[in-house]
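The chain contents come next:
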Amino acid sequence: MPIRVDNNLPVKKILEEENIFVMDENRSNSQDIRPIDILILNLMPLKESTELELLRSLSNTPLQVNITFVRTSSYESKHTSKEHLKQFYSKFKEVKSRKWDGLIITGAPVEKMDFEEVEYWDELTDLMDWSKENVTSTLHICWGAQAGLYYRYGIPKYEMEKKLSGIYRMKTYHKRTELVRGFDDTFLVPQSRYTGVSRSAVKKHPDLEILADSEECGPYLIIAEGGKNIFVTGHPEYDTLTLDKEYKRDMKKGIDPDIPVNYYPDNDPAKKPVKSWRCHANTLYTNWLNYYVYQTTPYNWTEEGV
């Protein structure tokens, strides 16, 4: 899939070096086709790392996808330069006047806080309200999934006894549902969180259906309203070394974290991890783009303005 991003976005060069097809603005504008317009609300602190991970994950379909990054106005990131944010990110008020084919809401390092205590909670809920009429399908990731389940469907989160960190095996259900089309019976997913959502609470809600889960992690893939809202409680987009960086960061902070489960060869942090989740991660994002965005959104959706 050709991803269309700003010509000067720093991660564009990295993607090209990885042989990922990234289309520049000039070539994109010369093609007489209807590209898919995806908005990404990036709430992660290391925004460039998340940009790279998500763009890798969105790069495996023949669709042409225009990517627009958006940030909150109510909170200023402390780990990304103001110059980068100003050049490559829009604010919600700058993108809300039009329709969007898809929206991704990322995770955020605020999961131990009550939702209403998060500095940008009101802005996030405004965006989720707006998305009901202005976005074809929204994909919520990790804390973004918990926030979406709470605000949209009243499903609370709960704090676990210790951090869930590592690579966990999930079981696939409802294989005729397009989101898990092509999935194996079981598959691996990175997890990195302190909180979870109750399987029983999700199963009791008439609008929610669990498509994949595990005993250790609880619900992983949850779909609502025919794919209008999709919730992913893990991090399928994570790079090979993301959990390694998080583990070593926590070690330096004196947190004394557990070694991520099923991650390092021989459970030895000195050994380089092997990426064992790429295929299903790519399939998940491809299925979302194809079946819940491209196959569903009207051709002139972004031009209607209604």
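Details of the structure are given in the entry above.
We now turn to the structure provided with this report. Every residue gets a number counted from 1 within its own chain, in the order that chain's sequence is written. Totals for whole chains, interfaces and linings use every residue, but because this is a predicted model, local features are given only for residues with pLDDT of at least 70 and side-chain atom pairs only at 80 or more, for both listing and counting. Computation of side-chain values covers all heavy atoms of the structure but excludes hydrogens and water.

A short note on the overall build of the protein chain
No. 1: Strands are runs of DSSP state E lasting at least 2 residues, helices are runs of H or I lasting at least 4, and numbering of each runs from the N terminus. Check the secondary structure of the protein chain and you find 11 helices and 12 strands.
No. 2: Residues count as neighbours in contact if any of their non-hydrogen atoms are within 4.5 Å of one another. Counted over contacts in the protein chain with a minimum sequence separation of 6, partners at least 24 positions apart contribute 72%.
No. 3: In short, Shrake-Rupley with a 1.4 Å probe defines the accessible areas, and a residue's cover is counted only from the protein chains shown. Summed over its atoms, the accessible surface of the protein chain is roughly 14500 Å², and 46% of this surface lies on carbon and sulfur atoms.

Regarding helix α10 (residues 278–294)
Since the α-helix advances by 3.6 residues per turn, residues separated by three or four positions end up pointing in the same direction.
No. 1: Every helix has an expected span of 1.5 Å times one less than the residues it contains. If you check α10, its first and last C-alpha atoms are 22 Å apart, about what 17 residues at 1.5 Å a residue would give, namely 24 Å.
No. 2: In this scheme, a residue with accessible area under 20% of its type's maximum is buried, one over 50% is exposed, and one in between is partly exposed, where area comes from a 1.4 Å probe on protein chains only. Residues of α10 that are buried include every one of His280, Ala281, Asn282, Leu284, Tyr285, Thr286, Asn287, Trp288, Leu289, Tyr292 and Val293, and no others.

Description of the pattern of salt bridges
No. 1: Each salt bridge in this description consists of a side-chain nitrogen of Lys or Arg and a carboxyl oxygen of Asp or Glu lying within 4 Å of one another. A complete count under the given rule lists 11 salt bridges for this structure.
No. 2: Across the pair arginine 56 and aspartate 239 runs a salt bridge, and its minimum N-O distance is 3.8 Å. With arginine 56 in helix α3 (residues 47–57) and aspartate 239 in the loop between β12 (229–232) and α9 (242–252), the pair connects residues that are 183 residues apart, well separated along the chain.
No. 3: Residue aspartate 239 is classed as partly exposed on the basis of its relative accessible area, which comes to 25%.
No. 4: Here aspartate 250 ties to arginine 249 by a salt bridge, and the two come within 3.2 Å at their closest N and O atoms.
No. 5: We classify arginine 249 as partly exposed; its relative accessible area is 39%.
No. 6: Three or more residues are tied together by salt bridges with common partners; here these are Lys163, Glu246, Arg249 and Asp250.

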